[in-house]
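This is what each chain is made of:
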Amino acid sequence: MIHAVLIFNTSGVPRLTKFYSPIAHSAQTLVERIFALVSSRQPGLCNFLDAPELETFLKPKDATDDEKLRVVYRNYATLYFVFVVDHAESELGILDLIQVFVESLDSAFENVCELDLVFNFDEAHHILAEIIQGGLVLETNVTEIDRAVQEAARARRESFASANPLSLGGGGAVGSRSAGLQSPLGWLAGRLTGVGAR
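Quick summary incoming for the structure in this document. Treat the numbers as computed from the prediction; the structure is a model and nothing was measured. Per chain, the residues get numbers from 1 upward, laid out in the order the sequence is written. With pLDDT at 70 or above as the cut-off, local features in this predicted model cover only qualifying residues; side-chain atom pairs require 80 or more to be listed or tallied, and sums for whole chains, interfaces and linings still use all residues. Note that water and hydrogens are dropped before the side-chain values are worked out from all heavy atoms of the structure.

Observations regarding unusual backbone geometry
And step 1. Even without being a glycine, Ala77 presents a positive backbone phi close to 55°.
And step 2. By the criteria applied, helices consist of DSSP H or I runs no shorter than four residues and strands consist of E runs no shorter than two, each listed in order from the N terminus. When you line up the elements, Ala77 lands in the loop between strand E4 (70–76) and strand E5 (79–85).
And step 3. Although it is not a glycine, Glu110 adopts a positive phi angle of roughly 55°.
And step 4. Among the structural elements, Glu110 can be located in the loop between helix H3 (91–109) and helix H4 (114–119).
And step 5. Throughout this description, buried means an accessible area under 20% of the type-specific maximum (1.4 Å probe, protein chains only), exposed means over 50%, and partly exposed covers the range between. With relative accessibility at 70%, the residue Glu110 sits in the exposed group.

In structure tokens:
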């Protein structure tokens, strides 16, 4: 099971945090501990490590002692992508999942950077939700993830346009709330060109 997904920069500032297990202590303390573990490692070392010190934060009370938590991470430019998993997950599979997540973010934001995660955190969480739900992997096909994210964005735009009579899109479909209303821009353009003048 995946217990946590974290993205933080090289200074340790979290840019995305998602926990799939209850946290026993402060989330900020947990992020600081994980950052201390990951940032102190040399670049040539393996990208996964055992983390027994995290068990007090994330380990369920009914878990057996043979369930050890492991941190799997990748460093891309100024961002660390970190997954905290238990022994049921393959470390190499999680590294591949991190790659899928980064590729999905890249396709959504065109070469994702830290500012994309800051200003579009809702979309980043939506992409993560298309990949992982409840600590279990749902989808690994980047094309399918992109399609689902684009469909949701289109539905969100249509919903906004139909619910807002002042939106410029108008959404002039039959039965929409704004079917009989003119957009403010249309009204102003008509006044300036003299259309509809007395």
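From this point, things continue past the structure.
Some thoughts on the sheet that holds E5
And step 1. Pairing is antiparallel across the open sheet formed by 5 strands, whose spatial order is E2-E1-E5-E4-E3. Lying at the two open borders of the sheet, with one neighbouring strand each, are strand E2 (14–19) and strand E3 (48–50). Recorded for the sheet is a direction-independent mean angle of 15° between the axes of neighbouring strands.
And step 2. Strands qualify as paired when DSSP identifies two bridges or more between them. Strand direction decides the pairing type here: strand E1 (residues 2–9) and E5, joined by 7 bridges, are antiparallel. When the bridges of E5 are listed, Val5 appears paired with Phe83. Note on definitions: angles span 0 to 180 degrees between N-to-C directions of axes, and those axes are lines fitted to C-alpha atoms, for helices only across the stretch in contact.

Here we look at the pattern of salt bridges
And step 1. The working definition used for a salt bridge is a side-chain nitrogen of Lys or Arg within 4 Å of a carboxyl oxygen of Asp or Glu. Tallying each qualifying case throughout the model produces 6 salt bridges.
And step 2. For Arg70, the salt bridge is made with Asp50, and the minimal N-O distance between the two is 2.6 Å. Taken as a pair, Arg70 in strand E4 and Asp50 in strand E3 lie far apart in primary sequence, 20 residues in all.
And step 3. Arg154 is the salt-bridge partner of Glu158, the closest N and O atoms lying 3.3 Å from each other. Within this pair, Glu158 and its partner Arg154 are both found in helix H6 (residues 142–163), separated by 4 residues, close to a single helical turn.
And step 4. By relative accessible area, Glu158 is classed as partly exposed at 46%.
And step 5. Judged by its relative accessible area of 41%, Arg154 is partly exposed.
And step 6. One connected set of salt bridges, linked through shared partners, spans Asp50, Arg70 and Glu91.

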